[in-house]
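# Results of the structural survey
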Number of protein chains: 2
Amino acid sequence: MSSRLIECVPNISEGRRAEVIDAVADAVRRVDGVRLLNLQSDASHNRSVLTFAGPPDRIADAAIAVAARAVDLIDMRAHAGEHPRLGAVDVIPFVPIGATTIDDCVGLARQVGEALWTRLRLPVYFYAAAASAPHRVRLPDIRKGEFEGLAEKMEAEGWAPDIGEARPHPTAGAVVVGARKPLVAYNINLNTPDVRIARAVARRIRESSGGLPAVQAMGVRAASGLAQVSINLLDMNTTSMAQVFEAVRSEAEQHGIEVADSEIVGLVPLDTLLDVARTHLRLRDFDRAQVLETQLME
Amino acid sequence: MSSRLIECVPNISEGRRAEVIDAVADAVRRVDGVRLLNLQSDASHNRSVLTFAGPPDRIADAAIAVAARAVDLIDMRAHAGEHPRLGAVDVIPFVPIGATTIDDCVGLARQVGEALWTRLRLPVYFYAAAASAPHRVRLPDIRKGEFEGLAEKMEAEGWAPDIGEARPHPTAGAVVVGARKPLVAYNINLNTPDVRIARAVARRIRESSGGLPAVQAMGVRAASGLAQVSINLLDMNTTSMAQVFEAVRSEAEQHGIEVADSEIVGLVPLDTLLDVARTHLRLRDFDRAQVLETQLME
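Since this is a predicted model, take the numbers as computed values, not measurements. Along each chain, numbering runs from 1 in the same order as the chain's sequence is written. Working convention: letters from A go to chains and numbers from 1 go to ligands, in the order in which they are written. Only residues with pLDDT of 70 or above have their local features reported here, since the model is predicted, and side-chain atom pairs are shown and tallied only from 80 upward, although totals for entire chains, interfaces and linings are computed over all residues.

## Re the overall build of chain A
Going along the chain from the N terminus, every DSSP run of H or I of four or more residues is numbered as a helix, and every run of E of two or more is numbered as a strand. Looking only at helices and strands, chain A has 9 helices and 11 strands in total. Here the globule rule is a power law, 2.2 Å times the number of residues to the power 0.38, and the radius of gyration is based on C-alpha atoms. Computed over its C-alpha atoms, the radius of gyration of chain A comes to 19 Å, within 12% of the 19 Å expected for a compact globule of 298 residues. Overall, chain A is about 55 × 45 × 40 Å in size when its C-alpha atoms are taken along their principal axes. Every one of the 298 residues in chain A was classed for burial, and the buried ones make up 52%. Exposure in this text rests on C-beta crowding, where 20 or more other C-beta atoms within 10 Å of a residue's own make it buried, 12 or fewer make it exposed, and counts in between make it partly exposed. The C-beta atoms are placed from the backbone.

## Concerning the domain arrangement of chain A
All names here are of chain A. An automatic or database domain assignment supplies the residue ranges for each domain. Partitioning chain A into domains gives domain 1 (4-179) and domain 2 (184-292). One C-alpha centre belongs to domain 1, the other to domain 2; they are set 25 Å apart. Throughout, a residue-residue contact means that the two C-beta atoms, derived from backbone geometry, are no farther apart than 7 Å. At the interface, 12 residues of domain 1 touch 9 residues of domain 2. Elements with a minimum of two residues in the side of domain 1 that touches domain 2: β3 (35-42) and β4 (47-54).

## Quick look at the sheet that holds strand β10 (residues 227-233) of chain A
Residues and elements named next belong to chain A. Pairing is antiparallel across the open sheet formed by 4 strands, whose spatial order is β9-β10-β8-β11. The open sheet terminates on both sides in strands that have one partner only, identified here as β9 (215-221) and β11 (259-265). For this sheet the average axis-to-axis angle between neighbouring strands, irrespective of direction, equals 20°. Strands pair, by our definition, only if DSSP identifies at least two bridges between them. Pairing of strand β8 (residues 184-190) with β11, which is carried by 6 bridges, proceeds in the antiparallel orientation. Counted as the bridge partner of Ile188 is Ser262 from β11. For helices, the fitted axis covers only the stretch in contact; all axes are lines through C-alpha atoms, and the angles between them, taken along N-to-C directions, range from 0 to 180 degrees. Each of β8, β9 and β10 is contacted by helix α6 (residues 195-205), which is oriented at about 175° to β9, the strand it contacts most.

## Regarding the packing of helix α2 (residues 56-73) of chain B against helix α3 (residues 102-120) of chain B
Residues and elements named next belong to chain B. Between α2 and α3, the shortest axis-to-axis distance is 10 Å and the interhelical angle comes to 40°. α2 and α3 meet at a crossing whose hand is right-handed. Between α2 and α3, the contacting residues are Pro56, Ile59, Ala60, Ala63, Ile64, Ala67, Ala68 and Val71 on the first element and Asp104, Leu108, Gln111, Val112, Ala115, Leu116, Arg119 and Leu120 on the second. Each residue is assigned to one class: nonpolar for Ala, Val, Leu, Ile, Met, Phe, Trp, Tyr, Cys and Pro, charged for Asp, Glu, Lys and Arg, and polar for all the others, Gly among them. Its residues assigned to classes, the contact of α2 with α3 comprises 13 nonpolar, 1 polar and 2 charged. For a crossing to be left-handed, the near helix must be turned anticlockwise from the far one by less than a right angle; the clockwise case is right-handed.

## Here's the deal with the interface of chain B and chain A
Across the contact, 33 residues belong to chain B and 31 residues belong to chain A. Its residues assigned to classes, the side of chain B that touches chain A comprises 22 nonpolar, 4 polar and 7 charged.

## Some words on the relation of the copies chain B and chain A
We superpose the copies by least squares over the C-alpha atoms of residues that have a pLDDT of at least 70 in both of them. Aligned on chain A, chain B shows an RMSD of 2.0 Å; the corresponding rotation is 172° and the shift along the axis is 0.5 Å. The share of interface residues of chain B whose copies in chain A are also at the interface is 91%, consistent with both copies meeting through the same surface.

## Notes on the confidence of the model for chain A
A score from 0 to 100, pLDDT tells how confident the predictor is in each residue. Taken residue by residue, chain A gives an average pLDDT of 94. The fraction at 70 or more is 98%. Interface confidence in the predicted complex, given as ipTM, is 0.76; pTM for the same model is 0.76.

## Focus on the environment of A:Ala222
Within the secondary structure layout, A:Ala222 lies in the loop between β9 and β10. Among all residues touching A:Ala222, those that are not within four sequence positions of it are A:Ser44, A:Asn189 and A:Gln228.

## Focus: the sheet that holds strand β11 (residues 259-265) of chain B
All names here are of chain B. Ordered in space as β9-β10-β8-β11, the 4 strands form an open sheet in which the pairing is antiparallel. The open sheet has two edge strands with one neighbour each: β9 (215-221) and β11. Averaged over neighbouring strand pairs, the angle between their axes works out to 20° when direction is ignored. Bridge count for strand β8 (residues 184-190) against strand β10 (residues 227-233) is 6 bridges, and the pairing is antiparallel. Each bridged residue has a counterpart across the sheet, and for Ala185 the counterpart in β10 is Asn232. On top of the sheet, helix α7 (residues 241-254) reaches β8, β9, β10 and β11; it is set at about 25° to β8, its chief contact.

## Here's the deal with the environment of A:Ala260
Residues and elements named next belong to chain A. For Ala260, the position within the fold is in strand β11. Between the alpha carbons of Ala260 and Asp194 there is a distance of 13 Å; along the sequence they are 66 residues apart. Once residues within four sequence positions are removed from consideration, Ala260 is found in contact with Asn189, Leu190, Asn191 and Leu226.

## Quick notes on helix α2 (residues 56-73) of chain A
The end-to-end C-alpha distance of α2(A), which contains 18 residues, comes to 26 Å, matching closely the 26 Å that a straight helix rising 1.5 Å per residue would cover. Residues of α2(A) that are buried: A:Ile59, A:Ala60, A:Ala62, A:Ala63, A:Ile64, A:Val66, A:Ala67, A:Arg69, A:Ala70 and A:Val71. Expected helix span is given by 1.5 Å per residue-to-residue step, counting one fewer step than there are residues.

## Section: the pairing of strand β6 (residues 124-128) of chain A
Residue and element names in this part refer to chain A. With 5 of its 5 residues buried, β6 lies for the most part within the structure. Here β6 pairs with strand β7 (residues 175-179) via 5 bridges, running parallel. In the strand pairing of β7, Val124 is matched with Val175.

## Some remarks on the pairing of β3(A)
Each regular strand shows side chains that alternate between the opposite faces of the sheet. All names here are of chain A. In this structure, β3 lies alongside β4, joined through 7 bridges in antiparallel fashion. By the bridge assignment, Ser41 is partnered in β4 with Ser48. Linking β3 back to β4 in an antiparallel pair, the connection comprises 4 residues, with Asn46 at a positive phi of about 50°.

## A look at the environment of B:Thr238
Residues and elements named next belong to chain B. Here Thr238 is to be found in the loop between β10 and α7. With 14 C-beta atoms counted inside 10 Å, the residue Thr238 sits in the partly exposed group. Sequence-wise, Thr238 and Pro213 are 25 residues apart; in three dimensions their C-alpha atoms are separated by 6.7 Å.

## Looking at helix α1 (residues 18-29) of chain A
Residue and element names in this part refer to chain A. The end-to-end C-alpha separation of α1 is 16 Å, in line with the 16 Å expected for 12 residues at 1.5 Å each. The set of residues buried in α1 consists of Val20, Val24, Ala27 and Val28. Considered in projection along α1, the buried side chains sweep an arc of 105° and stay on one side of the axis. In α1, the exposed positions angled more than 90 degrees off the buried face are occupied by Ala18, Glu19, Asp22 and Asp26. Buried positions along α1 lie against β2 (11-12), β3, β4 and α2. Arc definition: it is the arc formed by the directions from the helix axis to the C-beta atoms.

## Re unusual backbone geometry
With phi around 65°, A:Ala214 is a residue other than glycine that occupies positive phi space. Note that A:Ala214 resides in the loop between α6 and β9. The class for A:Ala214 is partly exposed, based on 18 C-beta atoms found within 10 Å. Of note, B:Ala128 is a non-glycine position whose phi angle comes to about 55°, a positive value.

Right under this line is the structure:
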């Protein structure tokens, strides 16, 4: 595969209506040179995550096509779900693969952001490596107030969109576009319906409340009815999946609650899972090159 | 990655003389389309394990080349080592990769077996999935009597070789050729120098003493001085690495002993380690296709 590759992971605010999700996925499939790697929908979040990869110019086309379909088919005035969101196409992150740099992704984010306003009249916030100010780096800060509070937020000091007028798209809200390193979306379900326990655990483990570095977490209710700690691992070299699982297990135990199960949303780098095995088995002298398939893929 | 790939893991009866080991490894490296993935020598076993992979016809050439060099350079009349063995090239297992089936490997074993007799006058026993009778499935049964007892064994009821005359090659003995699923060699070190505890744990967990199916185990002393449970996992779908780790941990605990660490010898299939992560994290709905690298290698 080419060394100039970018991954794009848009989140759209639809996790229930299969025909809408299919239509958005088809918009990706129709772009030559782009591969749809993963599509995952969560009914209780009412949200879907698409992962696709390809060369930068083709990725831009696919990202714009996704946004166009989402704006067309999703009316945020009728949207309800567990996950905070600003718009129909809620966030469009660009992620470097291989020799591609984060700066390449910032450039692409800017270019796509311009197109989204010009073509779709969608106001754009830039975040993460593409952010225009320090208080606009983190998604949770940008999303605070959600779609319902967006008109008011856009008027507030420091919260005008980076591109477009300070007025939400009537049905599609706004979109957050940015460039970031690979991230793992990871949900841990607790053996209780009590969402307050998931929220308490999330507060203990997330960086913003003094917990584990490079970890974002919130407590929500999963489709199963169980309380769920919904986590983003921003840098697995800083805090590993094994560490965050153990932290959640241990915090839940303080409440007399066990972990029911967990789920990885979308794609995960091989090293993240090898590290779980390495930690659990107390493996010593283990090298990634010992994995048969890593030898065969070279 | 081609879907028609086979792995071959010959064991040769030389673990000390570097020039012999190198010459045998070079025989593999010279075959176009075959990749030498791993080479591990054990001086006290006086034995080396080569791992290589490629398309079936190329793998046959490489396996025959390995045998030819081993027959040429190793004289079993002068061989001593800890590990039981029948011949200079002691065993040649073929292992399916990806879409390849075990039947493909049985076919290849038969073809290579014929060539080893025709070209090298090496008598051949087929084992595992290629075995010609139930009592000839297991390597330890075929190897019983070793090189020194081979002439007598070949005369005994039920122990004539599958191919060739019932008389050992004078310097190279015989070769065991077969087809098997991937096997993982896995050692778990206990926090004690008492080898009797490792032996007791091994007896409890291995299939031959009524323990876990598809698990071979013995207690030994590791180079570090710690007691070690040395394990072969014959079928990870029957007993997984996570299960065997937990069994050893739990049995050792009965003796008041903890697991110090563990080590994987040679190569391990990706699925084996993914299963450890899946078990430890209680992952649900996790698919191998969610590993980013499995998408990019296609």
